[in-house]
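Listed below are the residues making up each chain.
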Amino acid sequence: MNSAIILIIDDEVQMRKLLQITLESNGYRFLSAATAKEGLVAAATHPPDAILLDLGLPDESGHDVLIKLREWYSNPVIILSVQNSEEDIIKALDAGANDYLVKPFRTGELLARLRSVIKVKSNDESIPVINCGNFEIDFAARLVKKHNEIIKLTATEYALLSLLIKNEGRVLTHQYLLKEIWGPGYINQSQYLRVFIAQLRKKIEHDANRPVHIITESGVGYRFVIV
Amino acid sequence: MAILAKQITSIKQYVYCVLMVCFTVAVSTIFVNNIDYHITAFFLLLVVSVAAVLFDILPVLFTALISALAWNFFFIPPRFTFHIDKAEDLIFFLMYFVIALINAILTNKIRQAEKEFLIKEEKGNTIKLYNTLLNSLSHELRTPIAAIIGATDNLQNYNSRLTELNRYELVEEISKASFRLNQQVENLLNMSRLESGILKPKKDWCDITELIYDTVKNVEENTGSKNISIQADPFLPLFKIDKTMLEQVIYNLLYNAVVHTHMDARIEISALCHADMLEIIVEDNGQGFPPDEIKYVFDKFYRLKNSRAGGTGLGLSIVKGFVEAQKGHVTLRNKTDGGASFNINILAETSYLNHLKNE
């Protein structure tokens, strides 16, 4: 039974109600706030284990709330956004949001995001080997094995894959990945990322055209999932 | 006529006017020894009238002016001077000038009235379109809303009388209706993005094969269809295009194909590359489209005459809008062996980086 406390900041009564029922029935405790002001006060009085933050609040933009929160709050923040707003999502992720959900979303998605951000928080950095389902990665030996056979990866492919796996369950934006792996000068060279993701999928996925590990988050980035 | 004036740039209009006047002067010169020189004024007046029908007001006034001067210079004695000897010739010259001006101004007024009429007609069309929108919307949005309200009423008020299966089915109906509502809202938002005219493609490098597989997966998840097969050229380069738009285009075409063909129809999507041209073909072996309606299917709110209930007539117009926003074009034809074939062509920057060996 997890009893993590989640703070919901959303102005829509229906949305709050739905989120509360979902959280409660899955063993979470919750606090809720209808405005940016209430949300910031609630976060400061009872620092929650994670925050679900709607970007469209009546009194203040969710982006500003996120920036204010990040001045002192280090636990996960998941953004709730509306459709067709990839730019908003990327902006929020760059400002320190850990993940995002696009309304309307499935309850299962919400729970998966929550589990993964809360887990990442408590993740022990020193796990040397991670089993990802049909393959495993050994960070100490810098090796990737599939059915006990070593998969040959180039240095860049290994760096990209291990970055994705270390952030398992989290979305990493195109720009973040380009900056981390190729350097700040490559932020607009998204074709490199497309190519290396395709190559990695050919090597680690069962069917590169129907990936189950490296998932495309359209217009935003990629997410690694352990199956 | 007003449309013609818009197509010809104003400098060209002046050039045409000068040419017309020169031509008429040349022709009149041939005949001037046989006819009264006053008659040549009517030839030139005719030129002004023609110009008034074809061109904007300023070039027409200009024509009136130069034709009057040309008449004076070439035909009024003494010829080849601007000097006028006789008093009646002076009156004739001034009259010519006034008539030419009135001619120009009246024709222009008629054109303005024509333009106003067109605007009024356009407004009428907009209202008609708006009514069509309201009709199809009220149906498309009200039906799922009615399903949701009906199902929740049953669940709230008659829960004890419902069997387990009834309850399951009602919840299933709510879920389906919400999905349908969401889809319609998405279509409307896309349409309004297109209508607003501020739609600019956000181009980025795109793996077309990945995009097609992801979109097919979405369509399969949303419709339960298993009839779509994918033929992607393995040597397809990366294309620099707006991925979100292309995704919506492919989704709409495939979704349409699934919804409007029989259960075991075969739907095929293929992607090809010709130099810098991306070609995407979506084909099915269904009934095809009625040949006389093919030219209307991309029109906003157009629905086939005998189509089943459902659909706003927005899907294909969004396809066309999004393809054209990327300077591409989309065509539809019926295949000779039955079924419809949509063909999309988009010119885009390509990169073959993906077929280089590992760095």
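Now for a quick tour of the structure. (Residues numbered from 1 in each chain as written. Chains lettered and ligands numbered in written order. Predicted model: local features only at pLDDT ≥ 70, side-chain atom pairs only at ≥ 80, totals over all residues.)

## Here we look at the sheet that holds strand β6 (residues 129–131) of chain A
Residues and elements named next belong to chain A. Test applied: A pair of strands is labelled paired if DSSP reports no fewer than 2 bridges between them. Strands here mean DSSP runs of E at least two residues long; helices mean DSSP runs of H or I at least four residues long; both are numbered from the N terminus.
Read across the open sheet, the four strands follow the order β6-β7-β8-β9; overall the sheet is antiparallel. Edge positions in the sheet fall to β6 and β9 (149–150), since each has one partner strand and no second. As paired elements, β6 and strand β7 (residues 135–138) share three bridges and run antiparallel to each other. Each bridged residue has a counterpart across the sheet, and for Asn131 the counterpart in β7 is Glu136.

## A closer look at the pairing of strand β11 (residues 214–217) of chain A
The sheet contact formed by β11 of chain A and strand β12 (residues 221–224) of chain A spans four bridges and is antiparallel. Along β12 of chain A, the bridge assignment pairs Ile215 of chain A with Arg223 of chain A.

## Observations concerning the pairing of strand β1 (residues 5–9) of chain A
Residue and element names in this part refer to chain A. Rule in force here: Here exposure depends only on C-beta density: within 10 Å of a residue's C-beta, 20 or more other C-beta atoms make it buried, 12 or fewer make it exposed, and intermediate numbers make it partly exposed, the C-beta atoms being placed from the backbone. Throughout, right-handed denotes a crossover for which the path from the first strand over the helix to the second runs clockwise when the strands point away from the viewer.
The buried count for β1 comes to four of five residues, which makes it a mostly enclosed element. Of the pairings in the sheet, the one linking β1 to strand β2 (residues 29–33) comprises five bridges and is parallel in character. Its bridge partner lying in β2, Leu7 is registered against Leu31. Regarding the hand of the β-α-β motif, the stretch spanning β1, helix α1 (residues 13–25) and β2 is right-handed. One ladder, built from four bridges, connects β1 with strand β3 (residues 50–54); its direction is parallel. Looking at the pairing, Ile9 lines up with Leu53 of β3.

## Observations regarding unusual backbone geometry
Following Lys103 of chain A, the chain continues to Pro104 of chain A via a peptide bond in cis, the omega torsion being 0 degrees. Locating Pro104 of chain A in the fold gives a position in the loop between β5 (99–102) and α5 (107–122). The peptide bond linking Pro77 of chain B to Pro78 of chain B adopts the cis configuration, its omega dihedral lying at -5 degrees. In this structure, Pro78 of chain B sits in the loop between α4 (57–75) and α5 (87–157). Positioned with a positive phi, Asn148 of chain A is a non-glycine residue whose angle comes to about 65 degrees. Structurally, the position occupied by Asn148 of chain A is in the loop between β8 (143–146) and β9. Classification of Asn148 of chain A as exposed rests on a count of 7 C-beta atoms within 10 Å.

## Details of the nonpolar core
We count it as follows: Joining buried Ala, Val, Leu, Ile, Met, Phe, Trp, Tyr and Cys residues through C-beta atoms within 7 Å gives a set, and that set is a nonpolar core. Each residue gets a C-beta atom placed from its backbone, and two residues are in contact if those atoms lie within 7 Å.
With 52 residues, the main nonpolar core has Ile9, Ile51, Leu52, Leu53 and Ile79 of chain A as its most contacted residues. In terms of residues, this core owes the most to one element, helix α8 (residues 190–204) of chain A, which gives seven residues. For Ile9 of chain A, the contacting residues outside a window of four places in its chain are Ala33, Gly39, Ile51, Leu52, Leu53, Asp54, Leu57 and Val65 of chain A. Counting 41 residues, the second largest nonpolar core, distinct from the first, contains Val216, Tyr251, Val297 and Ile346 of chain B.

## What to know about the sheet that holds β11 of chain A
Residues and elements named next belong to chain A. Definition in use: Angles here are taken between N-to-C directions and fall from 0 to 180 degrees, while the axes themselves are lines fitted to C-alpha atoms, restricted in helices to the stretch in contact.
Reading across from one edge, β10-β12-β11 is the order of the three strands in this open sheet, with antiparallel pairing throughout. For this open sheet the edge positions go to β10 (171–173) and β11, each flanked by a neighbour on one side alone. Looking at each pair of strands side by side, their axes are set apart by 30 degrees on average, direction ignored. Packing against the sheet, helix α7 (residues 174–182) makes contact with β10 and β12, and its axis sits at approximately 70 degrees to β10.

## A look at the packing of helix α6 (residues 164–196) of chain B against helix α9 (residues 315–325) of chain B
Residues and elements named next belong to chain B. Basically, it comes down to this: Each angle gets one of four labels, with under 35 degrees taken as roughly parallel, over 145 as roughly antiparallel, 65 to 115 as roughly perpendicular, and the rest as oblique. The sense of a crossing depends on the near helix, which, turned anticlockwise from the far helix by less than a right angle, makes the crossing left-handed and, turned clockwise, makes it right-handed. Residues are grouped as follows: Ala, Val, Leu, Ile, Met, Phe, Trp, Tyr, Cys and Pro are nonpolar; Asp, Glu, Lys and Arg are charged; every other residue, Gly included, is polar.
The N-to-C vectors of α6 and α9 enclose an angle of 40 degrees; their axes lie 10 Å apart at closest approach. Classified by the interaxial angle, the pair formed by α6 and α9 is oblique. Considering only the axes of α6 and α9, their crossing is left-handed. For the pair α6 and α9, the contacting residues are Asn187, Asn190, Met191 and Leu194 in the first and Gly315, Ile318 and Gly321 in the second. Looking at side-chain class alone, the contact of α6 with α9 contains three nonpolar, four polar and no charged residues.

## Regarding the environment of Gly169 of chain A
Residues and elements named next belong to chain A. Mapped onto the secondary structure, Gly169 falls in the loop between α6 (155–166) and β10. Exposure remark for Gly169: the 17 C-beta atoms within 10 Å place this residue in the partly exposed category. As for Gly169 and Arg223, which are separated by 54 residues in sequence, their C-alpha atoms are 6.1 Å apart.

Honestly, it's all geometry; don't read function into it.
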